[in-house]
Amino acid sequence: MSLTIRTMTPDEIGLALDWAAAEGWNPGLYDAAPFLAADPEGFLIGFLEDVPVAMISAVRYGKTFGFLGFYLVRPDRRGQGYGWAIWQAAMARLAGRTIGLDGVLAQQDNYRRSGFQLADRHVRYQGQGQPDPAPEPADGTRTIPLTAWSFASLAAYDRAFFPTERHAFLQRWIAQPQTLALGLLHGDRLLGYGVRRACREGYKVGPLFADTPDAAETLFGALCARLPASDPVFLDTPASNPAAIALAERHGLRPTFETARMYAGPAPALASECTYGITSFELG
């Protein structure tokens, strides 16, 4: 039986989040809107007759970059070629671009066969909320809500960490419900920013970008503050940045999971030494 593949409707994006949650990926409660803003046709779904059996996201950013995620086949339909069919459709949609993905480690060899090469490992750390308020910075810096800061300045800062501009995505990412998005300022200069969003389980901090380890420390403390200790907090760190690992361990977080960041095409040159927590695109 052949697979019918088409673009997901906005109403069907919730199904992708449900399938991801069933796999233990813990998506954000409101993740659909930012990705749809970036690329309204970026989610594909495959049907056998009227029954959904496979899905994938193939989101375009700018004219040169794309990212794959939400690569899932219904468990009772795995091993029957439907995953490969929707994978090919996604790759065709992103043809001519550098393509990134965060994949489970066991699938690295499969991704290599499609032209992907390992660029970094991302380690998911888990800790808990901190009920107390964050201490005030003593170095002349201050945290502010990102929605109160110039979006043009924020987008310019973000550009060092992503292969192309992502204005539509970023605007909605920082404004999701149940989200805390903070910038760290020294005078009129942005030293970093971070976002905490509500997920199916607890909260994820991501991204967390900062010029210095001290700036990252201030932001992370503020993002974890005023949360019940019973609420889990997750931080996905690049394994190539020892300062990010040290930040997680200093706050008592423990590694729970790992993914492989891979690219097909030239790997982008990004400010990885200033990356303490990545934006979660979910898994491939």
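It should be noted that the structure appears before, not after, this text.
For clarity, every value in this text was computed on a predicted model and none was experimentally measured.

Draft legend 1. Inspection of the state of the cysteines at higher detail. Under the defined criterion, the tally for this structure stands at zero disulfides. In this structure C224 is not part of a disulfide, and its nearest cysteine sulfur, from C199, lies 13 Å away. Assessed through its relative accessible area of 5%, C224 is described here as buried. For the unlinked cysteine C274, the closest cysteine sulfur is that of C224, found at 20 Å. You can call C274 buried: its relative accessible area is 12%.

Draft legend 2. Inspection of the nonpolar core at higher detail. In this structure, M8, F43, Y61, L154, I174 and Y193 are the most contacted members of the largest nonpolar core, which totals 40 residues. Considering every element that reaches this core, the biggest residue donor is helix 1 (residues 13–22), with five residues. Leaving out residues up to four positions away in the same chain, F43 has contacts with R6, T7, M8, I13, F35, L36, I56, S57, V59 and F70. Core analysis: the next-biggest nonpolar cluster, separate from the first, contains 26 residues, Y125, A215, A216 and A222 among them.

Draft legend 3. Structural detail: the pattern of salt bridges. A complete count under the given rule lists 14 salt bridges for this structure. Of the charged contacts, one joins R6 and E12 as a salt bridge, the two residues approaching to 2.7 Å between their closest N and O atoms. Classification of E12 by relative accessible area gives buried; the value is 17%. Residue D236 pairs with R124 through a salt bridge whose shortest N-O separation is 2.7 Å. Of this pair, D236 sits in strand 11 (residues 232–238) while R124 is found in strand 6 (residues 116–128), placing the two residues 112 residues apart along the sequence. Take D236: its relative accessible area is 10%, and that puts it in the buried class.

Draft legend 4. Highlighting unusual backbone geometry. Between G206 and the following residue, P207, the backbone shows a cis peptide bond with an omega angle of 0°. Residue E49 is not a glycine yet carries a positive backbone phi of 55°. Mapped onto the secondary structure, E49 falls in the loop between strand 2 (43–48) and strand 3 (51–61). On the basis of relative accessible area, E49 is assigned to the exposed category, the value being 64%. At R226, a residue that is not glycine, the phi angle is positive and equals roughly 60°. Note that R226 resides in the loop between helix 7 (213–224) and strand 11. Residue classification places R226 among the exposed residues on the basis of a relative accessible area of 63%.

Quick notes on the rules
Residues numbered from 1 in each chain as written. Predicted model: local features only at pLDDT ≥ 70, side-chain atom pairs only at ≥ 80, totals over all residues. Heavy atoms only, no water. Disulfide = S-S within 2.5 Å. Buried < 20%, exposed > 50% of the residue type's maximum accessible area, 1.4 Å probe, protein only. Core = buried A, V, L, I, M, F, W, Y, C linked by side-chain atoms within 4.5 Å. Helix = DSSP H or I, 4+ residues; strand = E, 2+ residues; numbered from the N terminus. Contact = heavy atoms within 4.5 Å. Salt bridge = Lys/Arg side-chain N within 4 Å of Asp/Glu carboxyl O.

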